[in-house]
Amino acid sequence: HIGLCVYNVAVVCIIGVPLGFIISDENFEGRYVIKSLFVILCTTVILCIVFLPKIYSVYRDPSGDVEIRFQTAATRGPSLHASKITPLQQMTENITIQRRLENLLKEKDQRIKELEGAVAGGETEKSTVYPSSSAV
């Protein structure tokens, strides 16, 4: 990408500088417009060269996996991705864990209700079994 950017600047300079000298000194507005257009053209092309491939790669793979997005020839191959967990697998695993925790929470809630019932029923027995401190 850097080479294309340098090439773009060189071509614009090769065309723009002679064109700026050809336009007469009396026509300063035309000279200003030509120079401005070349600067805007040059910077716009450079920004497109640098950022459009990145925008395309995000569009192609919006999961955010940078290693997959910017593969080089050395990193391509099945061995790189064989041990990686994809976002879909991670989401499926998270859903399974969530369901397991919800079931555990339901079991704990049932146990708490059972213990509350036992405590409520056991308070009458407790008062008869254990004398209050004022009776001692």
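- As annotated in an unreviewed UniProt entry, the chain carries the name Gamma-aminobutyric acid type b receptor subunit 2 and comes from Plakobranchus ocellatus.

**Regarding helix α2 (residues 28-60)**
Point 1. Its 33 residues place the ends of α2 47 Å apart at the C-alpha level, agreeing with the 48 Å of an ideal helix rising 1.5 Å per residue.
Point 2. At Phe51, α2 shows its strongest bend, of approximately 35 degrees, with the proline Pro53 following within four residues.

**A word on the packing of helix α1 (residues 2-22) against α2**
In a packed pair of helices, the relevant descriptors are the angle between the two axes and the axis-to-axis distance.
Point 1. For the pair α1 and α2, the least separation of the axes is 10 Å and the interaxial angle reads 175 degrees. With respect to each other, α1 and α2 are oriented roughly antiparallel. Side by side, α1 and α2 meet where Leu4, Cys5, Asn8, Val9, Val12, Ile15, Gly16, Leu19, Gly20 and Phe21 of the first sit next to Arg31, Ile34, Phe38, Leu41, Cys42, Val45, Ile46, Ile49 and Val50 of the second.

**Things to note about the UniProt feature "transmembrane region" (unreviewed entry) in the chain**
Point 1. UniProt marks residues 6-24 and 36-56 with the feature "transmembrane region" (unreviewed entry), using the numbering shown here.
Point 2. Taken end to end, residues 6-24 has its terminal C-alpha atoms 29 Å apart, with 89% of it in helix and 0% in strand.
Point 3. Annotated as residues 36-56, this span is 100% helix and 0% strand, and its ends, taken at the C-alpha atoms, are 29 Å apart.

**Quick notes on the environment of Val33**
Point 1. Turning to its location among the elements, Val33 is positioned in helix α2.
Point 2. Sequence separation between Val33 and Gly20 is 13 residues; the distance between their C-alpha atoms is 10.0 Å.

**Here we look at the state of the cysteines**
Point 1. Taken as a whole and assessed by the stated rule, the structure comprises zero disulfides.
Point 2. Looking at Cys5, it has no disulfide partner, and the nearest cysteine sulfur is the one in Cys42, 8.5 Å off.

**Observations concerning a nonpolar patch on the surface**
Point 1. A cluster of nonpolar side chains, Leu47, Phe51, Leu52 and Ile55, forms an exposed patch at the surface whose accessible area comes to about 400 Å².
Point 2. As for its placement among the helices and strands, Phe51 is situated in helix α2.

**Overview of the confidence of the model for the chain**
Low pLDDT means the predicted atomic positions in that stretch should not be read closely.
Point 1. Taken residue by residue, the chain gives an average pLDDT of 79. The fraction at 70 or more is 74%.
Point 2. The spread of mean pLDDT over the elements of the chain runs between helix α4 (residues 78-81), the lowest at 49, and α2, the highest at 88.
Point 3. Across residues 126-136 the pLDDT falls below 50, and counting only partners more than four positions away or on other chains, this stretch makes zero contacts in the model.

**Digging into α1**
Point 1. An ideal rise of 1.5 Å per residue puts 30 Å on 21 residues; α1 measures up with 30 Å between its terminal C-alpha atoms.
Point 2. What α1 keeps buried is the set Cys5, Asn8, Val12, Gly16 and Gly20.
Point 3. Residues of α1 that are buried make contact with α2.

**Here we look at the pattern of salt bridges**
Point 1. Tallied over the entire structure, the rule returns one salt bridge.
Point 2. The salt bridge partner of Glu114 is Arg111, with a shortest N-O separation of 3.6 Å. Of this pair, Glu114 and Arg111 both sit in helix α5 (residues 87-129), separated by three residues, roughly a single helical turn.
Point 3. On the basis of relative accessibility, which here comes to 51%, the residue Glu114 falls in the exposed class.

Rules used throughout
- Residues numbered from 1 in each chain as written.
- Predicted model: local features only at pLDDT ≥ 70, side-chain atom pairs only at ≥ 80, totals over all residues.
- Heavy atoms only, no water.
- Helix = DSSP H or I, 4+ residues; strand = E, 2+ residues; numbered from the N terminus.
- Expected span 1.5 Å × (residues − 1).
- Bend = angle between axes of the 7 residues up to and from the residue.
- Axes fitted to C-alpha atoms, helices over the stretch in contact; angles between N-to-C directions.
- Parallel < 35°, antiparallel > 145°, perpendicular 65-115°, else oblique.
- Contact = heavy atoms within 4.5 Å.
- UniProt positions renumbered as here; feature names shortened; annotations may be inferred.
- Disulfide = S-S within 2.5 Å.
- Patch = residues over 30% accessible without salt bridge, like charges linked within 9 Å, V, L, I, M, F, W, Y side chains within 5 Å.
- Areas by Shrake-Rupley, 256 points an atom, 1.4 Å probe, with all protein chains shown as cover.
- Salt bridge = Lys/Arg side-chain N within 4 Å of Asp/Glu carboxyl O.
- pLDDT = per-residue confidence, 0-100.
- Buried < 20%, exposed > 50% of the residue type's maximum accessible area, 1.4 Å probe, protein only.

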